[in-house]
Amino acid sequence: MQANTQPRRAAVRAAFPHTIPVLTGFLFLGAAYGILMNSKGFAFYWSILMSAATFAGSMQFVAINLLTSAFNPLAAFFLTLMVNARHLFYGVSMLEQYEKTGIAAIRESKVAAVLLAGGQGSRLGVLTAKVAKPAVAFGGK
């Protein structure tokens, strides 16, 4: 058991400094969200529940108004669609960069396998001791 915890601690120690900027942003956004929820009359646990149940940060802020006004399902649907449609433009801006990947690379036999991995990392521990699984090089790339 002790042998397994050492590489994990080393990985956390190595990764943590790189997470500080994102962590700082999340702390300020979380505090702002909590303050806003409190100002609208919600108890603190509603902030925690919304953060756990909603994986769209901006929609959490919008949901406050949806929860405090008369519910209109059609308006809620279109508002959610419009708020999250911004991701389409993020994707369009990266089309050229990733043009030769995905299905196009598979058709040209440039990709032998697509690997989606999860778990504890016990089998890939040698490869993932210093980098996360998605960053492990396969085939020299």
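Higher on the page you've got the structure.
Residues numbered from 1 in each chain as written. Predicted model: local features only at pLDDT ≥ 70, side-chain atom pairs only at ≥ 80, totals over all residues. Heavy atoms only, no water.

Caption draft 1: Just the overall build of the protein chain, in detail. Scanning the protein chain from N- to C-terminus turns up 7 helices and 0 strands. For the protein chain, the succession of helices and strands along the chain, N to C, is α-α-α-α-α-α-α. A burial count over the protein chain gives 11% of its 141 residues as buried. Intrachain contacts of the protein chain at a sequence separation of at least 6 include 37% that bridge at least 24 residues. About 11800 Å² of surface is accessible on the protein chain, with carbon and sulfur atoms providing 68% of the total. (Helix = DSSP H or I, 4+ residues; strand = E, 2+ residues; numbered from the N terminus. Buried < 20%, exposed > 50% of the residue type's maximum accessible area, 1.4 Å probe, protein only. Contact = heavy atoms within 4.5 Å. Areas by Shrake-Rupley, 256 points an atom, 1.4 Å probe, with all protein chains shown as cover.)

Caption draft 2: Broad picture of the side chain of S47. Tracing the backbone shows S47 in helix α2 (residues 44–53). Taking the relative accessible area as the measure of exposure, S47 reaches 11% and is therefore buried. Ignoring anything within four residues of it in the chain, the contact list for S47 reads Y33, G34 and M37.

Caption draft 3: Layout of the environment of G30. Considering the arrangement of structural elements, one finds G30 in helix α1 (residues 2–39). A relative accessible area of 42% places G30 in the partly exposed class.

Caption draft 4: Representation of the packing of aromatic side chains within the structure. Under the criterion given, the structure shown has 5 aromatic pairs. Between F42 and W46, the aromatic rings sit 6.5 Å apart at their centres with planes inclined by 70°, giving edge-to-face as the arrangement. Ring centres of F77 and F78 lie 5.3 Å apart, and the angle between their planes is 70°; this geometry places the pair in the edge-to-face category. Note on F78: relative accessible area 41%, which makes it partly exposed. Taken together, the aromatic side chains of F42, F44, Y45 and W46 make up a single cluster linked through ring pairs. (Phe/Tyr/Trp six-rings, centres within 6.5 Å; stacked < 30°, edge-to-face > 60°.)

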